[in-house]
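# Coordinates in review
Residue strings, one per chain:
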Amino acid sequence: MSEPLLSVRDLVVEFPTRRGTLRALDRVSFDIAEGEVLGMVGESGAGKSITGSAIIGLIDRPGRIAGGEIRLRGERIDNIPEDRMRSIRGRRIGMVFQDPLTSLNPLYTVAEQLIETIRTHLGLSEREARERAVALLDQVGIPAARRRIDDYPHHFSGGMRQRVVIALALAAEPELVIADEPTTALDVSVQAQIIDVLRDICADRGAAVMLITHDMGVIAETADRVAVLYAGRVAEIGPVRDVIQAAEHPYTAGLMGSIPTLTQTAERLTQIPGAMPRLDAIPQGCAFNPRCPQVMPRCRTERPDLLARGQGRQVACWLHAREGVGDV
Amino acid sequence: MSDFTPEDRPNALRRAWDSDLAYSFRTSPVALVSGVVATLIILGAVLAPLIAPHNPFDPATLNLMDGFTPPMEPNAFTGNVYWLGTDNQGRDVFSTILYGARTSLFVGFAAVLFAMTLGITLGLIAGFRGGWLDGLLMRVADVQLTFPSILLALLIFGVARGFIPAAYREAMAIWVLIVAIGLSDWVQYARVVRGATMVEKNKEYVQAARVIGAHPVKILVRHILPNVMGPVLVIATIGLALAIIAEATLSFLGVGLPPTQPSLGTLIRIGQGFLFSGEWWILAFPSAALLALALSVNLLGDWLRDALNPRLR
Amino acid sequence: MSDALVRIEGLSRTFDVSKPWLNRVIEREPKAFLTAVADVSFEIRRGETFALVGESGSGKSTIAKMIVGLLAPSGGRIVFDGQPMTGTDGAAMRKLRKRFQMIFQDPFASLNPRWRVGEIIAEPIRTFGLASGAEVRREVARLLEVVGLGARDAAKFPHEFSGGQRQRIAIARALSSRPEFIVCDEPTSALDVSVQAQILNLMRDLQDEFGLTYLFISHDLSVVRHMAGRIGVLYLGRLAEVAEAKRLFTDPRHPYSRMLLDAVPDLAMTGRRRKQVEGEIPNPIDPPSGCAFHPRCPLVADRCRREVPRAVPSGDGMTACFAVEEGRG
């Protein structure tokens, strides 16, 4: 197998507090291949956004990376100085956040922001950069891009603004785009548009996408593979169809069953009892064990590692520990 | 008070000690030092009759021969030693400071309480009612803010004295002073409470109370008030320091308390007359006490503001 | 006729969104109004779950607030069990208030952070004078158990609970006045999916147990599909379609309903594309003429740009669309 674009190994992120150190991420490992869309799902507090922040080196203090490594094309980026990280952020890794207003500076026109990003990272002339910016806006589906480029962010509607953010994230031709809940703030009818734009434009440019969202529907439509996080740990990774239709981890199975769908009309939804533990009260052994319908004695004492199960699937669960070990 | 307070009461102290606020206090050197200084001064003031070497305002305990004794030196005539020396009338400076701080603190606390009550009430009403009443109250507040508050206090003090018969002026001076300082300071409370009320009244817990038809006064007092008190406490703490300084300023200018009821400000006014004749301690120690008190209370207020601000945690 | 518990008749609400008087005079701007709800009529039958769906600006929350009396309607009326609520005051209103309750969207804002959970749940009991003394305590304990919490939780503060548990507390509070009708304003949109399933299941169980009638407000069609018997689809303050749930999902008539259904992501759709939806919701301060949906509508005709379509009864509901009316759909 060729070298992955992004490789995260045993990543640990800790937040020291006065009541002890909280582990927001606990030995998280996954790869993103070139041009691939990896969905990252989990409930709030599962650690999906922190994973994104860790990769781009923007963890809120006093949090810190306490272990593991992050490699971009084989080169470590978790322990490099801030000025080198800055040149990777934006240039090699683009970012799209939930609220378009936080990614756009309200005091500058869209043109100024796009052109500056393009010129900083690609070293083009003003005129070339402007042409490129117009082309980008056109590609993300902004009508009359040449005229609208000189507008300020507040002149755009929510959906259009998120398109501008996507254009900005892609302006420097990054290899990877991290999109953190890119559609959560938008109306349903606009969400579909934005997801399509994000997927198509990244596919065109061969940029890989790490799509962080709590919305399984969005993942189902967009991602190639999906990683399911629970309490700061990876529960399961695999091709999106397999994970959704035949989840191996009991948590994933419960999660999928609890999502109401348009086609199913069951009287009751499957429900997982309880709630995800708080970071200061993660149970011993498998973090899911108190809620797990198939819990075994071993689950309460030993933490299962993420094991390869074939066909690109990995699962961290003792139910699947014995069979299939070793085949990758 | 509540039907649902847990029975295990002794844990309340333990819980208070464990709270984030207590932790933040314990780990902040500035807060700790300010807390100790402010507590010492307040304790000294409250317990003045018990710990002061003598009551400096009881003529019976005074000996004019003790006048102008420098600190820590025996008096030339009586051989008495005073830690901080004595003033022209032989009053022990340490004792005058304790009694002066007592008056200053009383005026400060009372003025803050007055300003707070007025400001909170008007702020709650303005924020909750909105409309023309809100507009009117806030315009009054705006106008008042254009005057320096000390000038306003002077004005209120002067006008109030004009209405009080001469015979009662001395006795009423302290209350007039409290009202004057309080009235010059309510605006801040009202503004902060109004803003917080406007935020809180749209929160869903207030809507839930409105759905069941709870009385507006009950909503204001039981739901909104407890949730707007955080910033009020911060202003009140800093306001206490300002009120003490305002009182000292007025007394220093001679329009505050009469010499029979001296505060730290009065002491400083008396002391400044002796600065250039060599008796520095009569001015220096009361000034230092005022500075220590105002500064420590102010720093406590600053700390409280940061500690209650969730974004700075 | 059918057994309507709540009847909404021609309900409207406009908001004055003008700038302050002085700014208007200086900038020579006229007063500005936003029509959040325009001429909405429907009825909610005893024991059913009626859902209102719509995107932002559709007016669904405004309708909910008017029904529970948090907002006064600008026009039209609300009739609760035969009694008009608009203009009713004093004792009569008090009696009516006891019969309905509301569950809010954000369980972090809907519980007073300074009150103990027991006090929160007891507030309606005390306000309506339904019980006193130790009886209140027993009732609170019972309610906590009904929603799947423990009697001991009454002594805790809201911050000690997770989002899902808080929503259970909010439900216990809503139940405490023993209402017949509960308005649920996006009750699960702030919750994670696995917790959402718990809350939705709980709400269904409670409905069966206490014979409750729900008005369920949501932007999430899959949740509505799961909960509602009948559904009203709102667009920019007007009802586009009212239909039985089953019919709406199999055979949506109004072009906006169809578009909304196409836009919903579904787990079964791995790798498939949603149908592209054109355009975005217009600014409600300056809505399009005629049918508000016409700029995005694939079936638009001249008439749609000029006239506002009337509600035309169809089966168990209604559709407000010229294309459907004229058989072009």
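Residues numbered from 1 in each chain as written. Chains lettered and ligands numbered in written order. Predicted model: local features only at pLDDT ≥ 70, side-chain atom pairs only at ≥ 80, totals over all residues. Heavy atoms only, no water.

All names here are of chain B. For helix 3 (residues 29-46), which comprises 18 residues, the first-to-last C-alpha distance of 25 Å matches the rise-based estimate of 26 Å (1.5 Å per residue) to within 8%. Along helix 3, the positions that sit buried rather than exposed are A31, S34, G35, A38, I41, G44 and A45. The inward-facing, buried residues of helix 3 abut helix 2 (20-26), helix 4 (48-51), helix 5 (93-129) and helix 13 (281-308). (Helix = DSSP H or I, 4+ residues; strand = E, 2+ residues; numbered from the N terminus. Expected span 1.5 Å × (residues − 1). Buried < 20%, exposed > 50% of the residue type's maximum accessible area, 1.4 Å probe, protein only. Contact = heavy atoms within 4.5 Å.)

Moving on, we get to the interface of chain B and chain C. At the junction of the two partners, chain B supplies 21 residues and chain C supplies 33 residues. Buried area between chain B and chain C, summed over both chains or domains, comes out near 2500 Å², and the portion from carbon and sulfur atoms is 55%. The largest per-residue losses of area from chain B upon contact with chain C belong to F4(B), V211(B) and I212(B), which jointly make up 33% of the total buried on that side. In this assembly, chain B and chain C are joined by zero salt bridges. Inspection of the chain B/chain C interface yields 10 residue pairs in polar contact (both at pLDDT 80 or more). (Buried area = accessible area lost by both parts, 1.4 Å probe. Salt bridge = Lys/Arg side-chain N within 4 Å of Asp/Glu carboxyl O. Polar contact = N/O pair within 3.5 Å; in protein donor to acceptor, adjacent residues only side chain to side chain.)

By a frequent convention, interface size equals the accessible area lost on bringing the separate parts together. With 43 residues of chain C in contact, the opposing surface of chain A contributes 47 residues. With both chains or domains summed, chain C and chain A bury close to 3800 Å², and 49% of this area falls on carbon and sulfur atoms. At the junction of chain C and chain A, the tally comes to one salt bridge. Residue D205(C) is joined to R268(A) by a salt bridge in which the shortest nitrogen-to-oxygen separation is 2.6 Å. The tally of links from chain C across to chain A stands at 12 residue pairs in polar contact (both at pLDDT 80 or more). Secondary structure elements with two or more residues in the side of chain C that touches chain A: helix 7 (193-210), helix 8 (221-227) and helix 10 (255-263) of chain C. Of the residues that constitute the side of chain C that touches chain A, the class distribution is 16 nonpolar, 14 polar and 13 charged. (Nonpolar A, V, L, I, M, F, W, Y, C, P; charged D, E, K, R; others polar.)

Residues and elements named next belong to chain C. Positionally, D185 belongs in strand 7 (residues 181-185). There is a polar contact of 3.2 Å between the side chain of D185 and the side chain of S61. Apart from the residues lying within four places of it in its own chain, the contact partners of D185 are S61, M102, I103, F104, Q105 and I217.

Moving on to the UniProt feature "domain: ABC transporter" (unreviewed entry) in chain C. Listed under "domain: ABC transporter" (unreviewed entry) in the UniProt record, and renumbered for this structure, are residues 6-261 of chain C. Across residues 6-261 of chain C, the secondary structure splits into 38% helix and 25% strand, with the terminal C-alpha atoms separated by 27 Å. (UniProt positions renumbered as here; feature names shortened; annotations may be inferred.)

So, about the packing of helix 5 of chain B against helix 13 of chain B. All names here are of chain B. The contact between helix 5 and helix 13 brings their axes to 10 Å, and the two run at 40°. As the angle between them shows, helix 5 and helix 13 are arranged oblique. Between helix 5 and helix 13 lies a crossing of right-handed hand. Along the contact surface, helix 5 presents V93, I97 and L105, while helix 13 presents W281, F285, P286, A289 and L293. A per-class count over the contact of helix 5 with helix 13 returns eight nonpolar, no polar and no charged. (Axes fitted to C-alpha atoms, helices over the stretch in contact; angles between N-to-C directions. Parallel < 35°, antiparallel > 145°, perpendicular 65-115°, else oblique. Left-handed = near helix turned anticlockwise from the far one by under 90°.)

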